[in-house]
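Fold and geometry: a report
As a plain string of letters, each chain reads:
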Amino acid sequence: GQTNLKSPQDVDVYIVNTNFTLRWNYTGDDTPVMFSAEYRWFEDFETNGTEWKKLPGCQNVSGTECDFSSAVTKYYDRYDVRVRAERKEEVSPWSSTFEMVPYDIAQIGPPGIQLQSTDGVIKIKITPPEANQVHKMWIAQLSFKYNLVIWENSSNAEFRSQTVFPTDTIDHLAPDTTYCLKVQATLPLDSQEGLFSPVHCVKTTYKANDLFCATNIRALAVNMKFYLHWNNQYKQDVSYNVQYLLGYLKKLHDDYSEKWLNVAGCENITDTKCNFSSIITTSLGFYYLRVQAISGYNKSCLSDEVKVDPLITNEIGPPDVKVDVSGVLLHIQISPPGGPECEVMRGHYDLSYRVLYWKNSSNNEDEIQIKEIKQTIGMISDLKPATLYCVKVQAFSEIYNKSSPYSKEECIQTPGDTVLPQIILVTFLVTVTVVFLVATPIGFALYRAYNKIKYIFFPSCQPPSNIEDFGQQLFSSSYLSSPEELIEECSVIEHISEEVNQINFKDYKHSKHGSRDSGNYSNDDTSGSKVSEETLEKERV
């Protein structure tokens, strides 16, 4: 069971498109040996692989590499590969196992190219890698992008790189000059770069100088209003047709030369500008435009093409601004650029607004203040009263790194200082309220006390006149008895009727004694009072 053969080293697999090559190194003696390889396939990463099998194309190989392209058809599955040396009946131990997922280590092969030199330009047609293969590693052929490297075939050549479409035109070349170029296919989404094609060389021709051709083609747009402008150096009659091509057609590997369309309203015109806003049906795609010039002799000439990416070509116009003031607050209302019909543009640009405001005075350079807002309604506070403020607004998009010109200046003056009058008014109202709340119960209490006093000392009901006179006579003498007061007993002798005198005297005497006890007087009998008054008068006499 012993052997002197060593195992192969540095086992590796090199993949280009669907071409698989197994490579290794061997450092044994000079005795000729043969090599054989085995492989196993894993249907998924959680199960065990199949049994080791002989690798087709890699059996009894005398060299240090072999092609096993026919053995692999599942490019996203895992494979294990190993190699050993063989000499007659003697075999070496197996090499270390090389694990791989073909798609992860595969390289993009070189594309095919065809060149044509005409009218001072080079037309190129590119075929994708694996164009003629049944099994393809790269399924998304339309995802390829192509990098072109071109240079003059001279000793001091300068290399120029650019991105090209499968069918494209290379211009801005010197006439009667040999150019060499090569092309590389890439998959940007997978960060994969392929191999360059073989170098191809071609000699340019002279470009026909037709004066009636449209030159200096340029596309301009503001607020999604698109215009194509060009120059006319021809002095005679010439008409123009403006043509456009949908951008995605250039990504295809088909011939799009017959798919150019005329822009409505820009056919057989003599003007050197055209409004092509009608063809911009989506802001996410891109377009190519060119101008076909037709002279009076029915001779035609096509201009250079210009690419229009709507959201990049378009420029943002200034917004409209209205300002209003309430107290020391400045209210700003912004109308987005383009008006209501440009809602699509504003949605893609995600517009914000830069507000500049300042006091309108002679030295306002250092007082300009900036405020950025997302909404179309803004408010500025902490303004000084009785001051003229000016405002202008700029719309900008951070996503596209675009900004509009500033709007027209709008100025408005804040009202005068109303703080002191407001304080005075509030103070007055508070004082009146407090006085009312305090004075009302006090006034009511005084009013009740007044009524009590008036009722007691100044009654509204007056006694009869005879009672008043009698009271005056009684009060003319002292009614408060003292301990030493003498009570005089009097007898009346008069020629009045005896019966009447007795009654009156008894009443008087009873009244007098009663007055000492209680101080109360009876005024029930008016006639008796009159007799008593006469009797008292006579006693005094």
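Below is a short write-up of the structure. Position numbers for residues start from 1 in each chain and track the written sequence from start to end. A pLDDT threshold of at least 70 governs which residues receive local features in this predicted model, and a stricter bar of 80 or more applies before side-chain atom pairs are shown or counted, although totals over entire chains, interfaces and linings include all residues. Hydrogens and water are ignored here; the side-chain numbers use all heavy atoms of the structure.

Phi at serine 191 takes a positive value of approximately 55°, unusual for a residue other than glycine. Labels follow the DSSP assignment, with helices taken as runs of H or I lasting at least four residues and strands as runs of E lasting at least two, numbered in each case from the N terminus. Here serine 191 is to be found in the loop between strand E14 (178-187) and strand E15 (192-196). The class of serine 191 is exposed, set by a relative accessible area of 68%. Backbone geometry at asparagine 223 places phi at a positive 55°, although glycine is not the residue there. Within the secondary structure, asparagine 223 is located in the loop between strand E17 (215-222) and strand E18 (225-231). Accessibility here uses a 1.4 Å probe with only protein chains present; expressed as a share of the type maximum, an area under 20% marks a residue as buried, one over 50% as exposed, and anything in between as partly exposed.

In this description, a nonpolar core means a group of buried Ala, Val, Leu, Ile, Met, Phe, Trp, Tyr and Cys residues linked to one another through side-chain atoms lying within 4.5 Å. The biggest cluster of nonpolar side chains holds 52 residues, and the ones touching the most others in it are Leu228, Trp230, Phe276 and Leu289. In this document the domain limits rely on a domain assignment from an automatic tool or a database. Here this core spans two domains, since at least three of its residues come from each of domain 3 (215-313) and domain 4 (320-413). The criterion used for residue contact is that any of the two residues' heavy atoms lie within 4.5 Å. Not counting residues up to four positions away in its chain, the partners in contact with leucine 289 are Leu228, Val242, Gln243, Tyr244, Trp260, Val263, Phe276, Ile279, Asp304, Glu305, Val306 and Val308. Formed by 48 residues, the second largest nonpolar core is a distinct cluster that contains Trp24, Tyr26, Ala37 and Val72.

With respect to topology, 3 strands assemble into an open sheet ordered E1-E2-E5, the strand pairing being antiparallel. Among the strands making up the open sheet, the edge pair consists of strand E1 (9-16) and strand E5 (65-67). Mean inter-strand twist for the sheet, computed between neighbouring axes without regard to direction, equals 15°. Where E1 meets strand E2 (residues 19-25), 6 bridges bridge the pair, whose relative direction is antiparallel. Bridged to glutamine 9 within E2 is asparagine 25. Two strands pair under a simple rule: DSSP has to find at least two bridges between them. The convention used is that axes are lines fitted to C-alpha atoms, helices contributing only their stretch in contact, and that angles between N-to-C directions extend from 0 to 180 degrees.

Bear in mind that shape data such as this cannot, by itself, settle questions of function.
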